Amino acid sequence: MNMLIADPLAETQAGKARALMRIVIVGHVDHGKSTLIGRLLHETGSLPDGKLEALRSSSARRGMPFEWSFLLDALQTERDHGITIDTSQIRFRTMARDVVLIDAPGHTEFLRNMITGAAQADAALLIIDAVEGVRDQTRRHGYLLHLLGVRQIAVVINKMDRVGYDKARFRSVEADISTELSNLGLTAQAVIPISAREGDGVARRSSRTAWHHGPTVLEALDSFTPAQPMRELSLRMPVQAVYKFDDRRIIAGRIETGRIAVGDAIVVMPSGTTTRVRSIETWPAPIDAAGPQTASAGHSVGITLDDEIFVDRGDIVATAAMRPKAVRRLRARVFWLGETPLSVGASLDVRIGTAGVRAILVRIEHAIDPGRLSPVGAAEIARNHVGEIELALTRPVAADPHSVNPRTGRIVLEADGRIAGGGLVLSVDVAEEAAPRRSIVPVKSAVPAAERTRRFGHHGAVVWLTGLPGSGKSTLGRALEERLFSRGGMPMLLDGDTLRGGLNADLGFSAADRAENIRRIAEVAAHLARNGVIAIVAAVSPSACDRAAARAIGGSRFYEVFAAAPPDICEQRDPKGHYRRARSGAMSGFTGVSAPYEAPVAPDLAIATHLLEITAAVDQLERFLEEVEVLAGADQRLSPDVSI
Amino acid sequence: MDRLDELEAQSVFILREAFARLRHVAMLWSLGKDYNVMIRLARKAFFGRLPFPVLHIDTGKKFPEMYAFRDRYRTEWQLDLIVEPCPPIEAMDPTLPPAARSAARKTEGLKLALDRHGFDGLIAGIRRDEEPTRAKERVFSPRGLEGSWDVREQPPEFWDHFNAAPPPGAHMRVHPILHWTESDVWAYTRRENIPVIGLYLARDGRRYRSLGDSDITFPIASQATTIDDILVELDATTVPERSGRAMDHESEDAFERLRASGYL
C-alpha cells in the first residue's frame, strides 16, 4: 500500500522537491481507463474526505450502481453521456514520487483531446479490455504515442475478472499488442493483468493472477523515469521576442536543447549571422554584478549579443558549429485532426519552434488510418489519419530533422488559425529560390515613357513619405495627389495602412514582416514610376535600412520626403488612437512608443508638417518636384528621360 | 533545475508567448496568492516591469486587507492597474443559487472590461488542481463572443504550441500557472519572498485558504501561522482548496455553469 510520505517539507526546503511523473492513460473507449484511475486514487489514499461517499450517494439518487469512473466524471455533460470527453489531470502520490495522471478520452471523436493529454506525458499506460482485446482505438493511440514521442509504455490488460483470470487469454492479448507495438518501434516495459473494478493487480498482487510475476500497476508507475531536459544535444533556442524595455536589447526564449554560456560563439538561423553571447540577463538583477554565466535546456532566458545583428521572433539561436538548416522544403510524418481532409495544394500555417510560416502541401506520400494500419490511398489525409507529406514553405525557416533534434524537428499544422495537426520532420532540404529566375521574361509596356511624360506633364517618380505615426504623411500624400491630378498629372497614392488591408494583409509587425511590407510597396511604386506615374507612398517605414532597400528598388527618381513633426506632437494628435493604446500596453511593437523610428539622416526633403498649413506644405513639395525636374515649372518643357 | 525552477521556466515561456502572439493583453489580478505569484513570474519574464495592464475586477466586497494590499503593491510593483467595478447583484441571473449569483457579478464585470478595452487576451491565475472543471482547461483557452467556454469544442494543444487566434470579437484566456499546485504556489511564494495577505495565515485557530468576496468566503480551522506551516498542513489535508468558497458547493453544477458563462 502506498502512503503519503511523512515530511515533504524537509525535501522542499532543501530545494529538492519530489520527482514529478506525468503519465497518460490511453486505450479504446470502455476498456476501463476511468475505472483504473478511480481505483488508483482510492488505493493511494488520494481522495478528498467524503468524495467517495458523496459519489456513492449521488449514484444512489440517480438509481445507478456506483462506478469507480464516476470519480472523474466531474462535469455534468460527461455524466449525461457516460464518456470522458476531455483530458483531465489528477494528482496522487506513490512511495517514490508525485504522479500526474492524465486521463485521455478513448472515443475517436475526441482524439484531439487524447493528443493534448498524451503530448504532456513522460510515459503511458495503454489499457486493453481482456474480453475485447486490441481494438482500432488501441492501435490509433499506440501510433499516436509513437508520433508524440512517448517512448515509455506499460500495457494493462483489464477486466481479467470477466475472463475468469484466465492466463491463456492474457497471453493471447499480450502477444497481439506486443506485435502491434513492435511494428511501431515501441516495446512495453510491462504487460500487467488486472481488474480495476475488483482491485487485482493495481496496488497489490492478487492470488487470482498468481501466475503473473511482473509488477503491479503502481510498481510499473514507479519504474518509469521522468523526462530529462535535453542538455547533451546542440544548443537550440527558438527566439520568442526581442525586448528593448531599456538600453539593453534582450533576446528572449527557452533553451530547448543544449547549453549556452557567456562568450559562446552562436549563430542565428535562418539568416546564418554569427556573433557571441555577451550576457545572460535576469530579473531581479543579481547581487554580485556578474550574473549567471551559463544556462541549460529547460530554462527560459534572456541573452544579449556582442553585435547588433538582426534577430526576430521565430529565429533559432544555435551552436555556430552545429547549426540547424535554413529550410524551404521538408518532409514530415503527421497526424491530421482537421475537419476537412488534407489534400495536395492545401495552404497551411506551419509552426516550428516559435516560427510561423505559410506553406503549401506539395505531396502526400502515404496516408494511413492508424486504427486499421492499412494504407487508404495517397489522395488525401482524412481526419484522425496519419500520413507522410512534403511541404513547401513560403520563406526559409530554421529546423532540424527529428532524428537530429526532437524539439526543433517537429512541426505543428494550423488551419484557419487553429491547431489541426502535427508531426515529426523526416528530412529537410536547404533553402532554394522559389522560382528559378531564368524562366522569367519581363514584358515591357507598349506605351513609351516619353509618350506618358508628354501627356501627364511629368516624369514617373516615387515620392516616399516617411515619418512617425500621426506626422501627417497620409494627409500630405492625399493633398499632393489632388494637386498633381488637378494640373493634369497622373499621381497615385500608395498608403501603407491601406495596402496592409490587401496586398500586405499576410504581414505582421515583426522586423522581417515590416521589411517585406516595405519591399512590396517599393516594387509597386517602382513599377508605377517606370510607367510614368508619380507614386506617392505614405508609410511609416521606420527602418533606415528598409528605406535604403526601397530606394534601391525605386530607381533614379526616388525621393525620400521626411514628415518631420516631433514625436510629442504626433502623440498629441494621435488621429487613430494608436499611441494611447500603445501606451496602455495594448499594442506592442508600436513605432514611436515601443519600437524605434530611425529618422532619415539626409532626406531629399524634410517638411515641418507641424508648423505648415497643408497648402503650404504641398506648395513646398510641388516646388521641390519642379526643382528636381519631375514636374515642369512655368514655361518649361520636360526633356525626355534617357532611361529610368 | 528543481521543480520550482521548471514551473517558473514554463510559466515564463507561456507569458512571453501570450505577449508575442496576442495583440492586446491584460493580466487579471484578484489580489490572491496565485495572482501575486503570477505577477512575480511576469516581472521575471519581462525583466522587471509588466508590459501590459493589470486588471482588477472589483466586486467592492473584498476584505479590507486585500484593498490595502492592492494599494500598496500597485505602486511598489509599478503596475499599470485598471480597476473595473462589477454591476449590482440585481442584474444577475436570478435562477443561480445565492452565492453563485453573487460570484456571477465578477463575470459581468469582466465582460464590461473586455468591451471597454477590447482586450483579445486575458491572463488568469487558475490552476488545474483547484477544481475539476479547471483541470480540463487549455493553457490558451478560446472564449466565445459572450466570454463563454465550450469544454466540448476545445482545440488541441500540444508541444507548447498554443492556439492564439481568437475568433473576431472574442478573446483568449491564458493560464500561465495552470500546471502549478497549491503547494507549489506557497513554496514559490516562500522562495521568492512574495508578500502575503495576512488573512492566509492563522489567527485564533482560523485562516483563509482561498480569498474571494468577504460575504461568500469562509476561513478554515488551522494552526498555520507561517508559510512553512501551510506547506505541512497542505501535505496532510484531503479537503479541497475551494471548500471555503460558497458558490462552488450550492449545487452539483453551479460552478460549472459559472465557468461555462465566462467565470474564471
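Scroll up to find the structure.
Residues numbered from 1 in each chain as written. Chains lettered and ligands numbered in written order. Predicted model: local features only at pLDDT ≥ 70, side-chain atom pairs only at ≥ 80, totals over all residues. Heavy atoms only, no water.

Glancing now at the interface of chain A and chain B. The interface is formed by 84 residues belonging to chain A together with 60 residues belonging to chain B. Summing both partners gives a buried area of about 6,200 Å² for chain A against chain B, and 53% of it is carried by carbon and sulfur. Our count for the chain A to chain B interface comes out at four salt bridges. Where Asp-98 of chain A meets Arg-3 of chain B, a salt bridge forms, and the shortest distance between an N and an O atom there is 3.1 Å. On inspection of chain A and its partner chain B, the count reaches 12 residue pairs in polar contact (both at pLDDT 80 or more). Sorting elements by how many residues they give to the side of chain A that touches chain B places strand 23 (residues 418–430) of chain A first, with six residues. Classifying every residue of the side of chain A that touches chain B by side-chain character gives 33 nonpolar, 30 polar and 21 charged. (Contact = heavy atoms within 4.5 Å. Buried area = accessible area lost by both parts, 1.4 Å probe. Salt bridge = Lys/Arg side-chain N within 4 Å of Asp/Glu carboxyl O. Polar contact = N/O pair within 3.5 Å; in protein donor to acceptor, adjacent residues only side chain to side chain. Helix = DSSP H or I, 4+ residues; strand = E, 2+ residues; numbered from the N terminus. Nonpolar A, V, L, I, M, F, W, Y, C, P; charged D, E, K, R; others polar.)

Attention now moves to helix 3 (residues 51–62) of chain A. All names here are of chain A. Across its 12 residues, helix 3 extends 16 Å between first and last C-alpha, which sits within 8% of the 16 Å expected from 1.5 Å per residue. Restricting attention to buried positions, one finds in helix 3 the residues Leu-52, Leu-55, Ser-58 and Ser-59. Down the axis, helix 3 shows its buried residues gathered within 125 degrees of arc, on one side only. Along helix 3, exposed side chains directed more than 90 degrees from the buried face belong to Glu-53, Ala-60 and Arg-61. (Expected span 1.5 Å × (residues − 1). Buried < 20%, exposed > 50% of the residue type's maximum accessible area, 1.4 Å probe, protein only. Arc of directions from axis to C-beta.)

All names here are of chain A. Read across the sheet, five strands follow the order 25-26-24-27-28 without closing on themselves; strand pairing throughout is parallel. Every interior strand has two partners, whereas the edge strands, strand 25 (491–495) and strand 28 (605–607), have only one. The sheet shows a mean angle of 20 degrees between the axes of neighbouring strands, taken without regard to direction. Strand direction decides the pairing type here: strand 27 (residues 558–563) and strand 28, joined by three bridges, are parallel. When the bridges of strand 28 are listed, Val-561 appears paired with Leu-605. (Pairing = 2+ DSSP bridges. Axes fitted to C-alpha atoms, helices over the stretch in contact; angles between N-to-C directions.)

Moving on to the pattern of salt bridges. Residues and elements named next belong to chain A. Scanning the model with the defined rule gives 65 salt bridges over all chains in all. Arg-204 serves as the salt-bridge partner of Glu-43, at 3.8 Å between the closest nitrogen and oxygen. You can see Glu-43 sitting in helix 2 (residues 33–43) and its partner Arg-204 sitting in the loop between strand 6 (188–193) and helix 8 (217–223), a full 161 residues away along the chain. Look at Arg-204 and you get partly exposed, because its relative accessible area is 44%. Across the pair Asp-129 and Lys-159 runs a salt bridge, and its minimum N-O distance is 3.1 Å. Remark: Lys-159 occurs in the loop between strand 5 (152–158) and helix 7 (167–183) and Asp-129 occurs in strand 4 (residues 123–129); sequence separation between them is 30 residues. Residue Asp-129 is classed as buried on the basis of its relative accessible area, which comes to 3%. When salt bridges that share partners are traced, they join Arg-329, Arg-331, Arg-333, Arg-363, Glu-365, Glu-388 and Glu-390 into one network.

Glancing now at the sheet that holds strand 1 (residues 25–28) of chain B. Sheet strands pair via backbone hydrogen bonds, and the direction of the pair is either parallel or antiparallel. All names here are of chain B. Sheet architecture is open: six strands sit in the order 3-2-1-4-6-5, paired in mixed fashion. Only two strands of the sheet have a single partner each, and these edge strands are strand 3 (81–85) and strand 5 (140–142). Between one strand and the next, the sheet's axes are offset by a mean angle of 30 degrees, whatever the strand orientation. By the bridge criterion, three bridges tie strand 5 to strand 6 (residues 172–174) in an arrangement that is antiparallel. If you follow Ser-141 over to strand 6, its bridge partner there is Arg-173. Across the face of the sheet, helix 3 (residues 64–76) comes into contact with strand 2 (54–58) and strand 3 while running at roughly 160 degrees to strand 2.

What follows covers the environment of Gly-144 of chain B. Tracing the sequence through the fold places Gly-144 of chain B in the loop between strand 5 and strand 6. The sequence separation of Gly-144 of chain B and Gly-205 of chain B amounts to 61 residues, and the corresponding C-alpha distance is 44 Å.

For helix 2 of chain A, a buried count of 10 out of 11 residues is recorded, marking the element as mostly surrounded by other parts of the structure. Gly-45 of chain A occupies a position one or two residues after helix 2 of chain A and carries a positive phi of about 65 degrees.

A word on the nonpolar core. Formed by 76 residues in total, the largest nonpolar core has its most connected members in Met-27, Leu-28, Trp-29 and Phe-140 of chain B. Residues within four places of Met-27 of chain B in sequence aside, it is in contact with Leu-15, Met-38, Ile-39, Ala-42, Leu-50, Phe-52, Pro-53, Val-54, Leu-55 and Ile-123 of chain B. In terms of nonpolar packing, the next biggest core, distinct from the first, is built from 45 residues, Ile-128, Phe-335, Val-412 and Leu-424 of chain A among them. (Core = buried A, V, L, I, M, F, W, Y, C linked by side-chain atoms within 4.5 Å.)

Before going further, it helps to examine the packing of aromatic side chains. Residue and element names in this part refer to chain B. In the structure shown here, the tally under the stated rule is 22 aromatic pairs over all chains. Where Phe-13 meets Phe-162, the ring centres are 6.5 Å apart and the plane angle is 55 degrees; that geometry is what we call tilted. Of this pair, Phe-13 sits in helix 1 (residues 3–21) while Phe-162 sits in the loop between strand 5 and strand 6, and the two are 149 residues apart along the sequence. The residues Phe-13 and Phe-162 share a single accessibility class, namely buried. On the numbers, 6.0 Å between centres and 75 degrees between planes, the contact of Phe-69 with Trp-77 is edge-to-face. (Phe/Tyr/Trp six-rings, centres within 6.5 Å; stacked < 30°, edge-to-face > 60°.)

It is worth spelling out the packing of helix 5 (residues 182–192) of chain B against helix 6 (residues 227–236) of chain B at this point. All names here are of chain B. Contact geometry for helix 5 and helix 6: axes closest at 10 Å, N-to-C directions at 160 degrees. As far as their axial angle goes, helix 6 and helix 5 are roughly antiparallel. Taken as a pair, helix 5 and helix 6 cross one another with a handedness that is left-handed. Within the contact between the two elements, helix 5 uses Glu-182, Ser-183, Trp-186, Ala-187, Thr-189 and Arg-190 and helix 6 uses Ile-227, Asp-228, Ile-230, Leu-231 and Leu-234. Residue classes in the contact of helix 5 with helix 6 are distributed as six nonpolar, two polar and three charged. (Parallel < 35°, antiparallel > 145°, perpendicular 65-115°, else oblique. Left-handed = near helix turned anticlockwise from the far one by under 90°.)

All right, on to the environment of Met-21 of chain A then. Topologically, Met-21 of chain A is positioned in strand 1 (residues 20–27). In this structure Met-21 of chain A touches Arg-97, Asp-98, Val-99, Val-100, Asp-122, Ala-123, Phe-224, Thr-225 and Pro-226 of chain A, once residues within four positions along its chain are discounted.

Residue and element names in this part refer to chain A. The buried count for strand 4 comes to seven of seven residues, which makes it a mostly enclosed element. With burial as the criterion, each face of strand 4 is covered, one bearing Ala-123, Leu-125, Ile-127 and Asp-129 and the other bearing Ala-124, Leu-126 and Ile-128. Both strand 1 and strand 4 contribute to a ladder of five bridges, which runs parallel. By the bridge assignment for strand 4, Val-26 is matched with Leu-126. Bridge count for strand 4 against strand 5 is seven bridges, and the pairing is parallel. Across the sheet, residue Ala-123 finds its bridge partner in strand 5, namely Gln-152. Traced from strand 4 through helix 6 (residues 136–148) to strand 5, the parallel crossover comes out right-handed. (Right-handed = clockwise from strand over helix to strand, strands pointing away.)

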